[in-house]
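# Summary of the model geometry
One-letter residues, chain by chain:
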Amino acid sequence: MPTDAQLRAAQTATRGDDVYREDGDVAALEARLASLSGMEACLFAPSGTMTNQLAIRSHLVQPPHAVLLDQRAHVHQYEAGGMALFSQATSHTVVPQGDHLTLEEVEGALQLGTDIHRAPTRLVCLENTLGGVVFPQSEIIKISTLVKSHGIPLHLDGARLWNVASLEVEKRGLGSGDEDLRSVLTELLAPFDSASLCLSKGLGAPVGSVLVGPKTLIDRARWFRKAFGGGWRQAGGLAAMADHAVTHHFPRLAGTHALARKLADGLEAAGYGLVAPAHTNMVFFDPPNGVTVDDLVTALAALPDPITIMGNRCVVHHQTSAEAVDTFVEVARQLADKARVGGPAEPKAKRAKMGY
């Protein structure tokens, strides 16, 4: 939810027309995030789906062409087939053997050469985090070196890169001011030719994501943003709320990571499994025998102060309380205890899958 402070920031925001580049707060936000990311330019847009699709459309020129990515990627699974719709591109997906793609997996999936039966790889997209799991920077650098040696650009869906940056800031003992954040973000984004950074997920802006990259790419993306129907007029209030979130909510991400770890530990102690490592603010759980995900969803929804989840994916945000996590774990434990008292259940056929 937007905070009162964010709404106050919107009240005093500039009211120019961003389509004509006349809004001061939008321009200031774009300049700030370009600087923080170490990129030449930045474009503010309504959603992460739009900034991803703008990047893909701006990188790709003429079909036939393909985008190589993780089979679980948001760009592939949850953006309404945008690559095919807007860019006439096909997806070459890879199912990683571990938590993330590796150099060897990317190298083996690249479509190079002139085989007319296959659409050539013209873009590689990575995602960090994916399902809350941090993509090791060392592996990203290896993949970047490989694809650039073939003249293929590398795009990042960094919807939750702020969480990775928060971990790095904490690990290095840095502050949350722009200078320290710039040093971390610039390093994380150095291997990429473009990146989409969501402002409305972990940071809690009501609307918006940004695309960062070279000026020529961002100029092209601005043109496509207009064509896609994303040229907004008086967007200063939204930019002001997003800017407030970068300043005031980024420092709170470390607390969300601690709460997610508490939730993960509590669920494991109650007999639940973890489908993926809880590196940041997301917990994917696998219920014990005798308990289903739907059982837990229903029990949490029936509380006097309901807790809402839509499956085995739990996301802790900057407005989640420690009390909510304690209650969640207690309800989960009671269900598991009741199932154990009732006797052994049939083993589940398969584990709950991890989704975005």
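Being a predicted model, the structure only gives us computed values, none of them experimental. (Residues numbered from 1 in each chain as written. Predicted model: local features only at pLDDT ≥ 70, side-chain atom pairs only at ≥ 80, totals over all residues. Heavy atoms only, no water.)

### Looking at the nonpolar core
In terms of nonpolar packing, the biggest core is built from 51 residues, with Leu33, Leu126, Trp162, Leu189 and Leu199 touching the most fellow members. Once you skip the residues sitting within four places of it in the chain, leucine 126 turns out to touch Leu101, Phe135, Ile140, Ile143, Leu154, His155, Leu156, Asp157 and Phe192. Among the nonpolar cores identified, the runner-up in size contains 28 residues, and Val283, Leu296, Val325 and Ala339 belong to it. (Core = buried A, V, L, I, M, F, W, Y, C linked by side-chain atoms within 4.5 Å. Buried < 20%, exposed > 50% of the residue type's maximum accessible area, 1.4 Å probe, protein only. Contact = heavy atoms within 4.5 Å.)

### Quick look at the pattern of salt bridges
Following the criterion strictly, the structure yields 17 salt bridges and no others. As a salt-bridge pair, arginine 172 and glutamate 187 come within 2.9 Å of each other at their nearest N and O atoms. Highlighted residues: arginine 172 in helix α8 (residues 161-172) and glutamate 187 in helix α9 (residues 178-189), separated in sequence by 15 residues. The class for glutamate 187 is partly exposed, based on a relative accessible area of 42%. With a shortest N-O distance of 2.8 Å, lysine 215 and aspartate 219 are connected by a salt bridge. Here the residue lysine 215 and the residue aspartate 219 both occupy positions in helix α10 (residues 215-227), the gap between them amounting to four residues, near one helical turn. Among the residues examined, aspartate 219 registers a relative accessible area of 34% and is labelled partly exposed. (Salt bridge = Lys/Arg side-chain N within 4 Å of Asp/Glu carboxyl O. Helix = DSSP H or I, 4+ residues; strand = E, 2+ residues; numbered from the N terminus.)

### Some remarks on the side chain of asparagine 281
For asparagine 281, the location among the structural elements is in the loop between β8 (273-274) and β9 (282-286). The buried category is assigned to asparagine 281, whose relative accessible area is 2%. The residues touching asparagine 281, leaving out its near neighbours within four places in the chain, are Arg160, Asn163, Thr256, His257, Ala260, Cys314, Val315 and Val316.

### Section: the sheet that holds β9
Taken in spatial order, the three strands of this open sheet run β8-β9-β10, and their pairing is antiparallel. The open sheet has two free edges, formed respectively by β8 and β10 (313-315), since each of these has just one partner strand. Two strands pair when backbone bridges link them, and β8 and β9 are joined in this way by two bridges, in the antiparallel orientation. What sits directly across from leucine 274, in β9, is phenylalanine 285. (Pairing = 2+ DSSP bridges.)

### Focus on unusual backbone geometry
Residues proline 63 and proline 64 are joined by a peptide bond in cis, for which omega reads 5°. Along the polypeptide, proline 64 turns up in the loop between α3 (48-59) and β2 (66-70). Cis geometry is adopted by the peptide bond preceding threonine 129, which originates at asparagine 128 and carries an omega value of -5°. Here threonine 129 lies in the loop between β4 (121-127) and α7 (137-149). One non-glycine residue, arginine 21, adopts positive backbone phi at about 60°. Residue position: arginine 21 is located in the loop between α1 (4-11) and α2 (24-37). Residue class for arginine 21 comes out exposed when judged on its relative accessible area of 53%. Despite not being glycine, alanine 80 has its phi angle at roughly 55°, a positive value. For alanine 80, the position within the fold is in the loop between α4 (74-77) and α5 (82-87).

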